[in-house]
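# Understanding the architecture of this molecule
Spelled out from the first residue to the last, the chains are:
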Amino acid sequence: MTDSFDVVVLGGGSAGEAVARRVATSGDTVALVEDRLVGGECPYLACMPSKALLHAAGRGWTWERAISFRDDIAEHRDDSTTVDSLQQAGVTVIRGRGLVTAPGVLLVGPRRLGWRDLVISTGAAATMPPLDGIDDVEAWTSDDALSSPHRPQRLLLLGGGPVGCELAQVYARFGSEVTLVENADRLLSSEPAFVGDTIAAALQRDGVQVRTGTTATATHRDDDGVHLTLDDDEVLTGDRLLIAVGKRPRVDGLGLERLGISPNDAGAIPTDDRCRVIEHVWAAGDVTGIAPFTHTANYQAKVVAANLRGADRRADYRAIPRTVYTDPAVCCVGRTDGDGTATASLPVRETAHAAIEQRADGCVVLYADPDRRRLVGAAAVGPAADDWAAELTLAVRAEVDLDVLADVVHAFPTYGEALEPPYAELAGEDS
């Protein structure tokens, strides 16, 4: 027998949960298929527990108190409340791994599900670098670190992206000796150089040894701990190796080839601007390879759900914020490559708020199209930049005129005042 649904959502992470909930409220029958935690990694193994530890570290809590707080915030990795809420909303939650066996049919164990529309939201999984010996050292992924009560005395951390930077600061502030190895020339290498340089300096003040422009080639474990060999033959030693070099979309073993769907070169499922893969098949979240943040997944979920309900909604990715929740924090949005743009900047230390809090780190750089007189991108680093720089996302997305931005009044004293001189400069006004 086949249980038929209007919509089957394959993958119950942030995007899948949001699509299922939204579509169910419109009256369609919906099944959500997930073989791990319903709600995805964000609430249990990633965003929420990492931010809880960053919060605890900033307040000088003990490790034991921080871990207790982290686990409370992560609901002790128990998704029953989320499952109950979805079921009450009318979603049929099915535990298991889904396999497409034919157009319109998904197999979950012995159970056959029929679908009119299929939403693929299987997320992404941590990748392991091609290190000799990596299979023998029981390396942590970020998921492992954020669910473990153990704090290594000596931590070797591979990867200088957002996750690597956040976890380096967490463990350093709780007393671990952290060495961060990144093969690019700077941390957060996809952002403007000053961003990575500022975060590197902040991590070094916390005691992190930052090794950029360095590639790890091999690893092994013995009685002294874990050893990491670098490309210059130097060997680092720690108690634990944490891998945070990125993630790859989960597409293997789903049977998508039976629908004529092939991943792109990055291993992601390609979509159009409606988040549609092919007729009656949609994708949302990290599996699309587009701006892999929880807020992107939630945005794509809204787009998919609207289109499933008969609307014609298009995704616009020009203003997806790129955030790192270190101290100082990072918030970047839009185009920050500098090509064909006018730029203006201000060190955050020039604000009154920075003087009050005695903070000297951080800078905001704005990028504008001088012909259209519109902001096209921004990069901000500073205390709580993830909050006060949020208006830059709106400015880019709404294509606000530079004259309007220059006329915005920010409360005194706030870090948001750091935006006023660059706004005025780009608009050609005196600040």
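In this report, the structure presented in the accompanying data block is examined. (Residues numbered from 1 in each chain as written. Predicted model: local features only at pLDDT ≥ 70, side-chain atom pairs only at ≥ 80, totals over all residues. Heavy atoms only, no water.)

### Structural notes on unusual backbone geometry
Operational definition: Strands are runs of DSSP state E lasting at least two residues, helices are runs of H or I lasting at least four, and both sets are numbered from the N terminus onward.
Following D327, the chain continues to P328 via a peptide bond in cis, the omega torsion being 5 degrees. Within the secondary structure layout, P328 lies in the loop between β18 (322-324) and β19 (329-334). Residue P413 follows F412 across a cis peptide bond; omega there is -5 degrees. Checked against the element boundaries, P413 lands in the loop between α13 (402-406) and α14 (420-427). Positive phi outside glycine occurs at E75, with the angle close to 55 degrees. With respect to the helices and strands, the residue E75 is situated in the loop between α4 (63-73) and α5 (80-88). Of note in this structure, L188 is not a glycine but carries a positive phi near 45 degrees. Looking at where L188 falls in the secondary structure, it is placed in the loop between β9 (177-182) and α8 (193-205).

### Looking at the sheet that holds strand β12 (residues 225-230)
As a reminder, the rule being used: Two strands are counted as paired when DSSP detects at least two bridges linking them. Axis geometry follows a simple rule: fit a line to the C-alpha atoms, using only the stretch in contact for helices, then measure angles between N-to-C directions, giving values from 0 to 180 degrees.
Here we have three strands laid out as an open sheet, ordered β11-β12-β13, and antiparallel in their pairing. The open sheet has two edge strands with one neighbour each: β11 (216-222) and β13 (235-238). Across this sheet, the average inter-strand angle for adjacent strands is 20 degrees, counted without regard to direction. Where β12 lies against β13, four bridges are found, and the strand directions are antiparallel. Looking at the pairing, V226 lines up with G238 of β13.

### Here's the deal with the packing of helix α3 (residues 47-58) against helix α7 (residues 162-173)
The geometry of a pair of packed helices is captured by two quantities: the angle between their axes and the separation between those axes. As a reminder of what qualifies: Roughly parallel refers to an angle under 35 degrees, roughly antiparallel to one over 145, roughly perpendicular to one between 65 and 115, and oblique to any angle outside these ranges. By definition, turning the near helix anticlockwise from the far helix through less than a right angle yields a left-handed crossing, and turning it clockwise yields a right-handed one. Every residue pair with non-hydrogen atoms within 4.5 Å of one another is taken to be in contact. Polar here means any residue other than Ala, Val, Leu, Ile, Met, Phe, Trp, Tyr, Cys and Pro, which are nonpolar, and Asp, Glu, Lys and Arg, which are charged; Gly is therefore polar.
With their axes 9 Å apart at the nearest point, α3 and α7 run at an angle of 40 degrees to one another. If you check the angle between α3 and α7, you find them oblique. Classified by chirality, the crossing of α7 by α3 is left-handed. On the side of α3, the interface is formed by S50, K51, L53, L54, A57 and G58, while α7 contributes E166, Q169, V170 and R173. Of the residues contributing to the contact of α3 with α7, the split by class is four nonpolar, three polar and three charged.

### Concerning the pattern of salt bridges
We apply this condition: We count a salt bridge whenever a side-chain nitrogen from Lys or Arg sits within 4 Å of a carboxyl oxygen from Asp or Glu. Each residue's exposure class comes from its accessible area (1.4 Å probe, protein chains only) as a fraction of the maximum for that residue type: buried when under 20%, exposed when over 50%, partly exposed otherwise.
Within the structure shown, the criterion is met by 35 salt bridges. Residue R70 is joined to D71 by a salt bridge in which the shortest nitrogen-to-oxygen separation is 2.9 Å. As far as the burial class goes, R70 and D71 line up, both buried. Between D312 and R314 there is a salt bridge; the shortest N-O distance is 3.1 Å. Given a relative accessible area of 43%, R314 falls into the partly exposed group. Members of the salt-bridge network, linked through shared partners, are R173, R205, D206, D327, R359 and D361.

### Topic: the sheet that holds strand β21 (residues 363-369)
Strand order in the open sheet formed by five strands is β18-β19-β22-β21-β20, and the pairing between neighbours is antiparallel. Looking along the sheet, the strands with just one partner apiece sit at the ends: β18 and β20 (342-347). Across the sheet, the mean angle from the axis of one strand to that of its neighbour is 10 degrees, orientation sign disregarded. Note that β19 and strand β22 (residues 374-382) share six bridges and pair antiparallel.

### So, helix α12 (residues 390-397)
The condition that has to hold: What the arc covers is the set of directions going from the helix axis to the C-beta atoms.
Listing the buried residues of α12 in full gives L392, T393, A395 and V396. Across the axial projection of α12, the buried residues extend over an arc of 165 degrees, all falling on one side. A positive phi of about 50 degrees marks E399, the residue just after α12.

### Comments concerning a positive patch on the surface
Our working rule: Nonpolar side chains (Val, Leu, Ile, Met, Phe, Trp, Tyr) within 5 Å and like charges within 9 Å form the patches, drawn only from residues with over 30% relative accessible area and no salt bridge. For every accessible area listed, the method is Shrake-Rupley and the probe measures 1.4 Å; residues are considered covered only by the protein chains on display. Positive residues here are Lys and Arg, negative ones are Asp and Glu, while His and the chain termini are left out of the count. By convention, the charge on Lys lies at NZ, on Arg at CZ, on Asp at CG and on Glu at CD.
A grouping of R22, K302, R309 and R313 is seen on the molecular surface, where their side chains present a positively charged patch. With respect to the helices, strands and loops of the structure, R22 is situated in helix α1 (residues 14-25). For R22, a relative accessible area of 33% puts it in the partly exposed group.

### What about the nonpolar core?
As a reminder of what qualifies: Remark: nonpolar core denotes a set of buried residues (Ala, Val, Leu, Ile, Met, Phe, Trp, Tyr, Cys) joined through side-chain atoms within 4.5 Å.
Residues Y171, L187, L203 and L242 are the most contacted members of the largest nonpolar core, which totals 42 residues. Aside from chain neighbours lying at most four places away, what touches L187 is G160, C165, L180, E182, G196, I199, A200, L203, V210 and T212. C331, L366, L375 and L392 belong to the second-largest nonpolar core, a separate cluster that totals 29 residues.

### With respect to the environment of R274
Checked against the element boundaries, R274 lands in the loop between β15 (247-249) and β16 (276-278). If we ignore the near neighbours within four places in the chain, the residues touching R274 are W282, V303, N307, A311, D312, R313 and R314.

### A few points about the pairing of strand β1 (residues 2-10)
Applied cut-off: When the strands point away from the viewer and the connection leading from the first strand across the helix to the second strand turns clockwise, the crossover is called right-handed.
Taken together, the eight bridges between β1 and strand β6 (residues 111-120) define a ladder with parallel strand orientation. Residue S4 lies in a different strand from β6, and its bridge partner there is G114. With α1 bridging β1 and the parallel strand β2 (residues 30-34), this β-α-β connection has right-handed handedness.

### Observations concerning the state of the cysteines
Inclusion rule: Note on disulfides: each one is a pair of cysteine sulfur atoms within 2.5 Å.
In total, this model carries zero disulfides according to the counting rule given. Cysteine C331 is unpaired, with the sulfur of C332 as its nearest cysteine sulfur at 6.8 Å. Using a relative accessible area of 4% as the deciding quantity, one classes C331 as buried. Between C363, a free cysteine, and C332, which holds the nearest cysteine sulfur, the sulfur-to-sulfur gap is 11 Å. Note on C363: relative accessible area 16%, which makes it buried.

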